[in-house]
Amino acid sequence: MKFDDDPGAWRVLASEYLAREPWHTLRVDRVQLPSGTIIPKYWINEYPPWVNVVAVTPDDRMVLIRQYRHGIGAVHFEIPAGTTDPGDTSLESAARRELAEETGYAGGVWSPLMIVSANPALQNNLTYTFLAEGVMPGPASPDASEDIRVHLVPAGEVEALIENGGFVQALHAAPLLKFLLQRRKRAGG
C-alpha cells in the first residue's frame, strides 16, 4: 500500500560489512535522508527470509510447539517456524520442511496467510506465514540444536493462550490473531 505523501527513500552513500556469519550478518551504512541530513552510521542486521506455519489438524486442533529460547531464557508457545535455506525452491517449500522437521506434521491444504517484519528499522528480511489446514502426523526430525515439544491445542483455546501471555513471539502471535479473526468472520461473529 502506498500513499502520495509517503516519505522518500534514504540514499545509501557507503556500506561496510562488520560480520558475515550464518546467523549474524551486520552491515553499517552511511545514508542521506531526503532532507539532506546524513546519518554516518546506520546499523542493519541481514537475515534470509523466515517462514512460519499456522497448522490445523482435521479435528480443528492447532499444532503448537514449546522450546527453550536462550535470548530471553524462557519457554513459551510458538508456531512451527524457521529460516529459508539457499537450496529452497520456494518459501512454501521451506515452510513445509520446517513444519515436518519440527513437528512431524505434513500434508493438508496450504495458502499464504501473512507477511510481517520483526523490525523494519534494523532488519532487512520479512517473515512469511502460511496456513496449513488438514495436516497429518508423521515422524519429526528436529535439528540437533532443537529440543521441541509438540502440543495439539484446540483452535478455540489459542486466543486465551495469546491473551494470557502464552505467546511472547510477536511474529507468531500476529499471524495467529489474523487466523482467529478470519475464522470468527467466517463463522459470522
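Above this text sits the structure in question.
Colleague: Before we move on, can you summarise helix 1 (residues 91-103) with the specific residues and values?
Modeller: With 13 residues, helix 1 should reach 18 Å at 1.5 Å per residue; the first-to-last C-alpha distance of 18 Å fits that figure. In this fold, the buried residues of helix 1 make contact with strand 4 (50-56), strand 5 (61-69), strand 7 (81-83), strand 8 (109-116), strand 9 (127-133) and strand 10 (149-154). One or two steps after helix 1, the chain reaches Gly 104, where phi turns positive at roughly 85°.

Colleague: Describe in detail the sheet that holds strand 3 (residues 38-46), supporting the description with residues and values.
Modeller: What the three strands build is an open sheet, ordered 1-2-3; its pairing is antiparallel. Sheet topology places strand 1 (11-21) and strand 3 at the edges, where each strand pairs with a single neighbour. Each neighbouring strand pair of the sheet contributes to a mean axis angle of 20°, computed without reference to strand direction. As paired strands, strand 2 (residues 24-32) and strand 3 are joined by seven bridges and run antiparallel to one another. Looking at strand 3, one finds that Leu 26 is bridged to Asn 45.

Colleague: Can you explain the packing of helix 2 (residues 155-163) against helix 3 (residues 170-186)? Please cite residues and give values.
Modeller: Viewed as axis vectors pointing N to C, helix 2 and helix 3 meet at an angle of 135°, and their least axial separation amounts to 10 Å. Relative to helix 3, the element helix 2 is oriented oblique. Relative to helix 3, the crossing made by helix 2 is left-handed. For the pair helix 2 and helix 3, the contacting residues are Ala 155, Val 158, Glu 159 and Ile 162 in the first and Ala 173, Leu 176, Leu 177, Leu 180, Arg 183 and Arg 184 in the second. Broken down by class, the residue content of the contact of helix 2 with helix 3 amounts to seven nonpolar, no polar and three charged.

About the cut-offs
- Residues numbered from 1 in each chain as written.
- Predicted model: local features only at pLDDT ≥ 70, side-chain atom pairs only at ≥ 80, totals over all residues.
- Heavy atoms only, no water.
- Helix = DSSP H or I, 4+ residues; strand = E, 2+ residues; numbered from the N terminus.
- Expected span 1.5 Å × (residues − 1).
- Contact = heavy atoms within 4.5 Å.
- Pairing = 2+ DSSP bridges.
- Axes fitted to C-alpha atoms, helices over the stretch in contact; angles between N-to-C directions.
- Parallel < 35°, antiparallel > 145°, perpendicular 65-115°, else oblique.
- Left-handed = near helix turned anticlockwise from the far one by under 90°.
- Nonpolar A, V, L, I, M, F, W, Y, C, P; charged D, E, K, R; others polar.

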